[in-house]
Amino acid sequence: MNQALAGIDFAPVIPMWLLAGLGVLAALALLPALLRWQAEAGGARRWSPARGAWFRALAFAALLLALANPRLVEETRATRPDIALLVVDRSDSAGLNARPAQITAARDEIEARARRLPDLELRTVEVPEGGNQGTQLYTAMERALADIPRARLAGVMALSDGQVHDLPAPPALDAPFHLLLPGAEGEVDRRIRIIEAPGFGIVGRPVELRVVVEDLGAPANEAGAARLTIRRDGQPPRVESVPVGREHRISVPIERGGPTVVEITAETRPGEVSDLNNRSVVAINGVRDRLRVLLVSGEPHAGQRTWRRLLKADPNVDLVHFTILRPPEKDDLTPLHELALIAFPVRELFQVKLREFDLIIFDRFGNRGLLPPIYLRNIADYVRDGGALLLSVGPEFAGPTSLASTPLGQILPARPPTGMGAAQAALLEQPFRPTVTELGARHPVTENLPGANSFAPDGSAVADATWGRWYRALRADARAGSTVMQGPGGAPLMVLDRVGEGRVALVLSDHIWLWSRGHDGGGPQQELLRRIAHWTMKEPELEEEDLTARIEHGTLTVVRRSLEPGAAPEITITAPGGSLSRHAPAQRGAGRAVVEMPAMQAGVWQAGDGRRTAFAAADAPNPMEVADLRADAAPLRPLVAATGGGVRWLGAEGVPVVPELRRVGLGRDAQGPGWVGLRRNGDHTVTGITALPLLPPWLALPLVLGLALLAWRREGR
């Protein structure tokens, strides 16, 4: 739209400082003529300017005006329309209940009304869901304002529930900001808030959670209680009544290693906005505290310190070590008072404090009457009830002092041959390279050991082992468990077995120490021994028959491990809402089968393969977004107040009540009852200028000379 505006302008022909100086000189020249006083009769004096003084003043004024060069200027302007910005919140909290429909209807109405206003352009920007950063409305608004000249910005209108998490302090905006909220004022929302939740817990000890149930928006003097449902790893729930608004402590037992998933749900409050934040999920990782290991070494040998070095290097292990240096049948007539040895506390270790140990290791131990059968039965019962036993044996395992010939032999997964000459036949003394069996390639204890031999999917050998050679092994008949390593002629070299609730590991050679010294290239001695010990103590990451589930970045990953051949069964996934889905897992090799699927719903996800069940905790994808689900203007109040804008509610039911849009001038109120204002800036572009001199030289010169002549003639009389 074009406009023509006229006005008077000055274009001095000399610099302004010089023009001002001439004006001062002219005033000084006039002062004597203007400040004259004349005496009258009676001594009175009266002001009497000199004749021609006024004509002289007019002459000076005409001269200065001519030098100032006054012009009549006419501008032709093209006015530019103002721009208003409409910000539409599409975050998760703005998508609850009827809010999306209200926001969409209000947007359509505002855009229709803006089109009817002259000289106004409306731009719309949507605020998407911000992940775990909350609602980034101010950031989206600033990004859109970067393309709008501030001289043309009429105002900003936001269709939002008010739950904004990126407002700076103080907010900066030089145009009215109006907030239009869906629903009606006075909404109430119940939520459960975790005050403190430990990430780790000691197995066998309870941990404590601190939570509070809050009713946001409820009257301050309203007191009440809410039922809290607590469910751990899918077990039957327990219900507690807790006071609203006050801290409550929940004791959670940690019964096993690995994650323990706890789901806490507060009952729905009548009339609350949503129960989306009435549920919280906590995952607590169970760890063992200071593993207690009993190591009993038999007669001295070259690798005797192998186990001791390994266990002493682990800061989480408390090691009790006994070495049998003086067996009962040895008698060298040394007086007892000269011996610096202590008696072997058999009863103390194997009856009184036996179950305080997490692992018992016998290293080349031959029972020469030191352990009566009753204590060996105690060890067997200890294993069946959940204990761990590890045997590293040598030639004594095939002799008359073998532990396989005691009550402990009932739980061993392999036994040496018996009969005439069996001891000699069981001892294999020849160079050989230990190898992993096909089953061992899938077992987590021996899987992917550096330098190990490998197998193709069909079971055929692909690469040979590059480990150093050993020179002694024991031939034994594996009668239970899993043979994960083999020696010369395919004889079992390492056998792992589950006995009742406990575990037994049997290493049929005492030459693993050669690897630690790098003999013939060495081998992964430390890593292999660590895995054996931790497998017996039920370390979760070394479970060979297991089902695990975890959720990362919105994806549920279920991993099934098994030594059984063949395809894995279908995995049944139960979502937090109770919906079931079945998935065929993808084979990933080494006994693993994996299912991956999106898991955006907050709560506890359950996976089962028919025998085992695993749980995974999914937090809210945007915890800031669900912290308060009420439509509330409080977070944006500072911005509204700083810009002179207004807050309007769209109404709880039916067609939204959209306020009237009005154009207001600069400095005027930008909101009132039933309306919100958009500033009229009047920004324009000058398209043409016409200038007409009001005192051209041909007129100025006669005028100045004429006034000077009149002044001279008047003063000459």
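Residues numbered from 1 in each chain as written. Predicted model: local features only at pLDDT ≥ 70, side-chain atom pairs only at ≥ 80, totals over all residues. Heavy atoms only, no water.

Draft legend 1. Looking closely at the overall build of the protein. Scanning the protein for helices and strands turns up 13 helices and 43 strands. Relative to the globule expectation of 27 Å for 717 residues, the C-alpha radius of gyration of the protein, 47 Å, shows a markedly less compact shape. Principal-axis analysis of the C-alpha atoms gives the protein an extent of 165 × 60 × 60 Å. Each of the 717 residues in the protein was classed as buried or not, and the buried ones make up 46%. Partitioning the intrachain contacts of the protein with sequence separation of at least 6 by distance along the chain shows that 70% fall at a separation of at least 24. Side-chain charges in the protein split into 80 positive and 81 negative, and the spacing between the mean points of these groups amounts to 6 Å. (Helix = DSSP H or I, 4+ residues; strand = E, 2+ residues; numbered from the N terminus. Rg over C-alpha atoms; globule rule 2.2 N^0.38 Å. Buried < 20%, exposed > 50% of the residue type's maximum accessible area, 1.4 Å probe, protein only. Contact = heavy atoms within 4.5 Å. Lys, Arg positive; Asp, Glu negative; His and termini not counted. Charge placed at Lys NZ, Arg CZ, Asp CG, Glu CD.)

Draft legend 2. Up close: the pattern of salt bridges. As enumerated under the stated definition, the model contains 47 salt bridges in all. Notably, a salt bridge pairs R279 with E263, separated by 3.2 Å at the nearest N-O pair. Taken as a pair, R279 in strand β16 (residues 279-287) and E263 in strand β15 (residues 258-266) lie far apart in primary sequence, 16 residues in all. The class for R279 is partly exposed, based on a relative accessible area of 33%. Where R612 meets E545, a salt bridge forms, and the shortest distance between an N and an O atom there is 4.0 Å. On the criterion of sequence distance, the pair formed by R612 in the loop between β37 (603-608) and β38 (613-618) and E545 in the loop between α10 (525-536) and β31 (546-552) is long-range, its members being 67 residues apart. R612 sits in the buried class, given a relative accessible area of 17%. Relative accessible area serves as the criterion here: at 22%, E545 is assigned to the partly exposed category. (Salt bridge = Lys/Arg side-chain N within 4 Å of Asp/Glu carboxyl O.)

Draft legend 3. Representation of helix α4 (residues 137-145) within the structure. Buried within α4 are the following residues: L137, Y138, A140, M141, A144 and L145. For α4, the buried positions fall inside an angular range of 160° around the axis, keeping them on one side. (Arc of directions from axis to C-beta.)

Draft legend 4. Representation of the packing of aromatic side chains. Following the criterion strictly, the structure yields 5 aromatic pairs and no others. Summarising the aromatic geometry, the rings of F350 and F362 are spaced 6.4 Å apart at their centres and angled 20° between planes, so their arrangement reads as stacked. Pair noted here: F350 is in helix α6 (residues 346-352) and F362 is in strand β19 (residues 359-363), with a separation of 12 residues, a long-range link. Here F350 falls in the buried class, since its relative accessible area comes to 0%. The class of F362 is buried, set by a relative accessible area of 1%. Ring pairing ties together the aromatic residues F432, W467, W470 and W515, which thus form one cluster. Of note, R292 hangs over the ring of F357, and the distance from its end group to the ring centre comes to 5.1 Å. Stacked on the ring of W535, the Lys or Arg R503 has its end atom at 5.1 Å from the ring centre. (Phe/Tyr/Trp six-rings, centres within 6.5 Å; stacked < 30°, edge-to-face > 60°. Lys NZ or Arg CZ within 6 Å of the ring centre and 35° of its normal.)

Draft legend 5. Looking closely at the side chain of D497. Topologically, D497 is positioned in strand β29 (residues 492-499). For D497, the side chain forms a polar contact with the main-chain nitrogen of G481, separated by 3.4 Å. (Polar contact = N/O pair within 3.5 Å; in protein donor to acceptor, adjacent residues only side chain to side chain.)

Draft legend 6. Representation of the nonpolar core in the model. F350, F362, L389 and L408 are the most contacted members of the largest nonpolar core, which totals 39 residues. For this core, the secondary-structure elements that each account for two or more residues are β17 (291-297), α6, β19, α7 (373-384), β20 (388-392), β29 and β30 (502-507). Per element, the largest residue contribution to this core is 6 residues, and it comes from α7. Beyond its immediate sequence surroundings of up to four residues, L408 is in contact with F362, L376, I379, A380, L389 and L403. Grouped together as the second largest cluster of nonpolar side chains are 36 residues, V293, A465, A505 and L528 included. (Core = buried A, V, L, I, M, F, W, Y, C linked by side-chain atoms within 4.5 Å.)

Draft legend 7. Representation of a nonpolar patch on the surface in the model. A contiguous nonpolar surface patch, about 810 Å² in accessible area, is contributed by W17, L18, L22, V24, L25, L28, L31 and L35. Its place among the elements puts V24 in helix α1 (residues 16-34). You can call V24 partly exposed: its relative accessible area is 49%. (Patch = residues over 30% accessible without salt bridge, like charges linked within 9 Å, V, L, I, M, F, W, Y side chains within 5 Å. Areas by Shrake-Rupley, 256 points an atom, 1.4 Å probe, with all protein chains shown as cover.)

Draft legend 8. View of the confidence of the model for the protein. In the predicted model, the protein carries a mean pLDDT of 85, and the fraction of residues at 70 or more is 92%. Considering each helix and strand of the protein separately, the mean pLDDT is smallest for strand β2 (residues 37-39), with a value of 62, and largest for strand β8 (residues 177-181), with 95. (pLDDT = per-residue confidence, 0-100.)

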